[in-house]
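Notes for the structure review
So you can see what is in the structure, the chains are spelled out below.
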Amino acid sequence: MKFYPVKVEAREEIGGYTLLHYRWDGPVEPGQFVMARVAGYPVTFDPFLARPFSFYDHDGETASLLFEVRGRGTALLDDAQDKIEVTAPLGRGFRVNGAGGPVALLGGGIGVAPLKVLSRRLESMSIPYDVFLGFADARYSDVAREFPGARVATVDGSTGVRGTVLDAAPNLDRYAAVYACGPNPMLAAVKRAAGENATCQLSVEERMGCGNGSCNGCVVPVRDGGYVRSCIEGPVFDAEVLAW
Ligand SMILES: Cc1cc2nc3c(=O)[nH]c(=O)nc-3n(C[C@H](O)[C@H](O)[C@H](O)COP(=O)(O)OP(=O)(O)OC[C@H]3O[C@@H](n4cnc5c(N)ncnc54)[C@H](O)[C@@H]3O)c2cc1C
Ligand code: FES
């Protein structure tokens, strides 16, 4: 897979997350992701594999990634001062057609990441939307200020309603479409709450090895039997396709 060295234009801390901006003037679809690693690879082989990140935002010239430091790969990206290496946008993102009325966007934890670029797309199509975000606590929920009007839940009750993102989003079945990203148990609950009449698209966060369809490390079970690769057929799936 081809990696492009890109200059880190800016970095900021938003609560528990890092927002990193880099130059990217190619097209980006909401829900697509990049494989990213620090520049200099493969000199260190540490870590061996690049890491997947959703596009947080893109204005046509600058792209940004919002990430949480979890281990070695994200810690190195957090420290990168000058350049990182990224792939072109990968995967199948959210499909937005605008039919049928207001839509709901739900993010759980770092699953908030693809919702900014998605909300920009909805605005460009004049589609009304509501945003619902769930976090562990107030430190992580700081990013909600990037989504004016978003309704927030925290597990410890320190911001917004106490509970999960679904506690902030009653009546999900009144929306024509529901788009969500977060851990699998949250996505399964969103699928149930959305009901059968709404379009429901879910962005999964399976761990990825290659990002280009060759390792089968990212597969998800589908209802018709078997598995599909979330880096190629996803990461955004129609909810009814998924087995859970
Ligand atoms: C399509 C896609 C988009 C993603 N977008 C974002 C994003 O926008 N921002 C962001 O912060 N993260 C995102 N992730 C998750 C991100 O890729 C991982 O956090 C990252 O790979 C961790 O790398 P690391 O080397 O820092 O941690 P590692 O050392 O690899 O792992 C540290 C800990 O995190 C756990 N972990 C690693 N990857 C995942 C995962 N995918 N799901 C759950 N737990 C995991 C490990 O089990 C381990 O406990 C995305 C993942 C996918 C598949
Ligand atoms: S990450 Fe290797 S096939 Fe998807």
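Thresholds, definitions, all that
- Residues numbered from 1 in each chain as written.
- Chains lettered and ligands numbered in written order.
- Predicted model: local features only at pLDDT ≥ 70, side-chain atom pairs only at ≥ 80, totals over all residues.
- Buried ≥ 20, exposed ≤ 12 C-beta atoms within 10 Å, placed from the backbone.
- Helix = DSSP H or I, 4+ residues; strand = E, 2+ residues; numbered from the N terminus.
- Arc of directions from axis to C-beta.
- Contact = placed C-beta atoms within 7 Å.
- Near = placed C-beta within 6 Å.
- Nonpolar A, V, L, I, M, F, W, Y, C, P; charged D, E, K, R; others polar.
- Domains from an automatic or database assignment.
- Pairing = 2+ DSSP bridges.
- Right-handed = clockwise from strand over helix to strand, strands pointing away.
- Core = buried A, V, L, I, M, F, W, Y, C linked by C-beta atoms within 7 Å.
- Axes fitted to C-alpha atoms, helices over the stretch in contact; angles between N-to-C directions.

**A look at helix 4 (residues 184–194)**
Of the residues making up helix 4, those classed as buried are Met186, Leu187, Val190 and Ala194. Projected down its long axis, helix 4 shows its buried positions confined to an angular sector of 95 degrees, all on one face. The secondary structure elements touched by the buried residues of helix 4 are strand 8 (103–108), strand 12 (177–181) and strand 13 (199–203). Gly195 occupies a position one or two residues after helix 4 and carries a positive phi of about 80 degrees.

**A short note on the site of ligand 1**
Taken together, 22 residues sit near ligand 1, with Phe67, Gly71, Gly73, Thr74 and Ala113 positioned nearest. Looking at the shell around ligand 1, the elements with two or more residues in it are strand 4 (51–54), strand 6 (62–67) and helix 1 (72–79). Broken down by element, the shell around ligand 1 gets its largest block of residues, four residues, from strand 4. Per-class residue counts for the shell around ligand 1 are 11 nonpolar, four polar and seven charged. Counting only domains with at least three residues in the shell around ligand 1, you end up with domain 1 (4–86) and domain 2 (103–205).

**Comments concerning the pairing of strand 1 (residues 4–14)**
By the bridge criterion, four bridges tie strand 1 to strand 7 (residues 83–86) in an arrangement that is antiparallel. The partner of Tyr4 across the bridge, within strand 7, is Val86. Where strand 1 and strand 2 (residues 17–23) come together, six bridges link them in antiparallel fashion. Bridging across to strand 2, Ala10 finds its partner in His21.

**Considering the pairing of strand 12**
Every regular strand shows the same layout, with side chains that alternate between the two sheet faces. When you tally the buried positions in strand 12, you get five out of five residues, the bulk of the element. Neither face of strand 12 is open: one carries Ala177, Tyr179 and Cys181, the other Val178 and Ala180, and all of them are buried. Traced from strand 12 through helix 4 to strand 13, the parallel crossover comes out right-handed.

**What about the nonpolar core?**
Nonpolar side chains in soluble globular proteins tend to be buried together. Residues Ala36, Ala104, Leu106, Phe132, Leu133, Val178 and Leu202 are the most contacted members of the largest nonpolar core, which totals 70 residues. In contact with Leu106, other than residues within four places in its own chain, are Phe132, Val165, Ala169, Val178, Ala180 and Val190.

**With respect to the domain arrangement of the chain**
Along its sequence, the chain is carved into domain 1 (4–86) and domain 2 (103–205). Put simply, the middle of domain 1 and the middle of domain 2, counted by C-alpha atoms, are 23 Å apart. Listed as interface residues are 15 residues of domain 1 and, on the opposing side, 13 residues of domain 2. Looking at the side of domain 1 that touches domain 2, the elements with two or more residues in it are strand 5 (57–58) and strand 6. Here the side of domain 1 that touches domain 2 is built from residues that sort into eight nonpolar, five polar and two charged.

**Description of the environment of Gly211**
Within the secondary structure, Gly211 sits in the loop between strand 13 and strand 14 (219–221). Along the backbone, Gly211 and Ile232 are 21 residues apart, and their C-alpha atoms lie at a distance of 7.7 Å. Look past the residues within four positions of Gly211 in its chain and what remains in contact with it is Met1, Met35, Ala50, Pro52, Thr87, Leu90 and Cys231.

**A word on the sheet that holds strand 16 (residues 236–238)**
Whether parallel or antiparallel, the strands of a sheet pair through hydrogen bonds between backbone atoms. Overall, mixed pairing links the seven strands, which are arranged 11-10-9-8-12-13-16 in an open sheet. The sheet terminates laterally at strand 11 (161–162) and strand 16, the two strands that pair on one side only. Sheet topology note: the strand 9 (residues 129–135)/strand 10 (residues 151–154) ladder contains four bridges and is parallel. Its bridge partner lying in strand 10, Phe132 is registered against Arg151. Packing of helix 2 (residues 115–124) onto the sheet brings it into contact with strand 8, strand 9 and strand 12, and relative to strand 8 it is tilted by some 170 degrees. Against the sheet, helix 4 contacts strand 8, strand 12 and strand 13, and its axis sits at roughly 175 degrees relative to strand 13.

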